[in-house]
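Residue-level structure breakdown
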Amino acid sequence: MPHLLYCYTSFLSAYIYSRLSESSTGEKIEKLSYLAPLIKPDKIICIGMNYKDHCEEQGAPIPVEPMVFSKFSSCITGPYGDIEYTDMTETLDYEVELAIVIGKKGKNIQESNAMDYVFGYTVAHDVSERKWQLQKNGGQFLLGKTMDTFCPIGPVIVTKDEISDPCNLTLKTKVNGVVKQNSSTQQMVHRTPALIAFVSKFFTLLPGDIILTGTPPGVGCFRNPPEYLKDGDVVECEIEGIGSIINTVRKSSQI
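Quick caveat, the model's predicted, so the values are computed rather than measured.

1. What to know about the sheet that holds strand S3 (residues 76–77)
Whenever strands of a sheet pair, they do so through backbone hydrogen bonds, lying parallel or antiparallel. Reading across the sheet, the seven strands line up as S2-S1-S12-S6-S7-S9-S3 and stay open at both edges, with mixed pairing between neighbours. Both outer strands of the open sheet, strand S2 (67–71) and S3, are each paired with one neighbouring strand and no more. Pairing between S3 and strand S9 (residues 151–159): two bridges, direction parallel. Paired with Ile76 across the two strands is Cys151, which belongs to S9. Together, strand S1 (44–48), S2, strand S6 (96–102), strand S7 (118–125) and strand S12 (210–212) form the strand contacts of helix H5 (residues 192–199), whose direction differs from that of S7 by roughly 100°.

Given below as structure tokens:
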């Protein structure tokens, strides 16, 4: 499971930071960058409309089957990396999500043993450009979901044995310190075993693949009036038992 080895990156960085205030040559360490705990997974699988309260927010029916789309692995960035604001991101939005990290290869997995394929969990921010997601590109989500830096994850991967009930976790988003999303994974429509069983009917899951399990209500595009992210905004996504990722929106020329 070579990609899963990257889950140690944040731990190692924190250790270095806490232990070394100076380099071996006496030079002061001024900046440390935390990498994402997982890089270049084979697949980033995303589930839409997977919170009951998010469906209610839109006046939409609860999906009978999971609604699946994807992101490219090139959009992954670290837990404290910047989110690029470009000429293509005039309706930039936030979504906190619990991400499942797959631990072993599987196809046609049964729901009854789906948890055997889970390595752990991490926090994901499903950054979204709403016009490109919902109004352009023929209604296909991809371009609005997979621009560079559109998938901050971290700060660590917590192994499944440390999360007693992944469907009883508080998750929230703050923008510039103001709470915008605040819900619980109890609101999930399709939960971890069901999601793994469903998607593995169509393609093989590989170690290091991640499944973003959907977002709760409070996203910017469904507020009245809509609230979109702008240059300089600081977004914090937090999930109980895992931690927080904090990302600043910056114009691409400043990154």
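2. Topic: the layout of surface pockets
In this structure, the largest pocket occupies an estimated 220 Å³ of space. Lining the largest pocket are 21 residues, and of these Met49, His54, Glu95, Arg130 and Gln133 sit closest to its centre. Those elements giving two or more residues to the lining of the largest pocket turn out to be S1, helix H2 (52–58), S2 and helix H3 (130–135). Ranked by residue count, the leading element in the lining of the largest pocket is H3, at three residues. Along the lines of polarity and charge, the residues of the lining of the largest pocket split into nine nonpolar, seven polar and five charged.

3. Examining the pattern of salt bridges
Enumeration according to the criterion identifies eleven salt bridges in this entry. Here Asp42 and Lys43 are joined by a salt bridge, their closest N and O atoms 2.8 Å apart. The salt bridge partner of Asp126 is Lys145, with a shortest N-O separation of 2.8 Å. Taken together, the positions of Asp126 in the loop between S7 and strand S8 (128–129) and Lys145 in helix H4 (residues 142–145) put the pair 19 residues apart, joining distant regions of the chain.

4. A look at a nonpolar patch on the surface
A contiguous nonpolar patch, built from Tyr80, Val234 and Ile246 and spanning about 220 Å² of accessible area, is present on the exposed surface. Secondary-structure assignment places Ile246 in strand S14 (residues 243–251). Residue Ile246 is classed as partly exposed on the basis of its relative accessible area, which comes to 34%.

5. Section: the packing of aromatic side chains
In total, this model carries three aromatic pairs according to the counting rule given. For the pair Tyr34 and Tyr80, a centre-to-centre distance of 5.4 Å together with 90° between the ring planes defines the contact as edge-to-face. Here Tyr34 is found in the loop between helix H1 (9–19) and S1, whereas its partner Tyr80 is found in the loop between S3 and strand S4 (83–85), with 46 residues between them in sequence. Here Tyr34 falls in the partly exposed class, since its relative accessible area comes to 25%.

6. A word on unusual backbone geometry
Cis peptide bonds are those with omega within 30 degrees of zero, and the linkage from Gly154 to Pro155 qualifies with -5°. Take Pro155: it is sitting in strand S9. Going from Asn224 to Pro225, the amide bond is cis rather than trans, its omega being 0°. Mapping Pro225 onto the fold places it in the loop between S12 and strand S13 (234–239). Positive phi values are uncommon outside glycine, yet Asn137 reaches one of about 60°. Here Asn137 lies in the loop between H3 and H4. Of note, the phi angle at Thr149 is positive, near 70°, even though the residue is not glycine. Accessibility expressed as a relative area gives 11% for Thr149, which makes it buried.

7. Side note on the pairing of strand S11 (residues 178–184)
Pairing geometry for strand S10 (residues 170–175) and S11, over six bridges, is antiparallel. If you follow Thr170 over to S11, its bridge partner there is Ser184. What sits between S10 and S11 in their antiparallel hairpin is a turn of two residues, with Asn176 showing a positive phi close to 55°.

8. What about the sheet that holds S10?
What the five strands build is an open sheet, ordered S4-S14-S13-S10-S11; its pairing is mixed. Two strands in the sheet have a free side with no partner beyond their single neighbour: S4 and S11. Each strand of the sheet is rotated relative to its neighbour by a mean of 15°, with strand direction disregarded.

9. Here we look at the side chain of Lys43
If you trace the backbone, Lys43 turns up in the loop between H1 and S1. Classification of Lys43 as buried rests on a relative accessible area of 16%.

10. Some remarks on the nonpolar core
Counting residues in each nonpolar core, the largest one holds 55 residues, and the members touching the most others are Leu92, Ile196, Ile211, Leu212, Ile239 and Ile242. Tallying contributions element by element places S6 first for this core, with six residues. Look past the residues within four positions of Ile242 in its chain and what remains in contact with it is Leu98, Tyr121, Thr122, Val123, Gly154, Pro155, Val156, Val158 and Ile163.

Conventions used here
Residues numbered from 1 in each chain as written. Predicted model: local features only at pLDDT ≥ 70, side-chain atom pairs only at ≥ 80, totals over all residues. Heavy atoms only, no water. Pairing = 2+ DSSP bridges. Helix = DSSP H or I, 4+ residues; strand = E, 2+ residues; numbered from the N terminus. Contact = heavy atoms within 4.5 Å. Axes fitted to C-alpha atoms, helices over the stretch in contact; angles between N-to-C directions. 1 Å grid on protein atoms, 1.4 Å probe; cavity = no way out; pocket = protein on both sides within 12 Å on 5 of 7 lines; lining within 4 Å. Points joined across faces, edges and corners; volume = space filled by probe spheres on them. Nonpolar A, V, L, I, M, F, W, Y, C, P; charged D, E, K, R; others polar. Salt bridge = Lys/Arg side-chain N within 4 Å of Asp/Glu carboxyl O. Patch = residues over 30% accessible without salt bridge, like charges linked within 9 Å, V, L, I, M, F, W, Y side chains within 5 Å. Areas by Shrake-Rupley, 256 points an atom, 1.4 Å probe, with all protein chains shown as cover. Buried < 20%, exposed > 50% of the residue type's maximum accessible area, 1.4 Å probe, protein only. Phe/Tyr/Trp six-rings, centres within 6.5 Å; stacked < 30°, edge-to-face > 60°. Core = buried A, V, L, I, M, F, W, Y, C linked by side-chain atoms within 4.5 Å.

These values are about where atoms sit, not about what they do.
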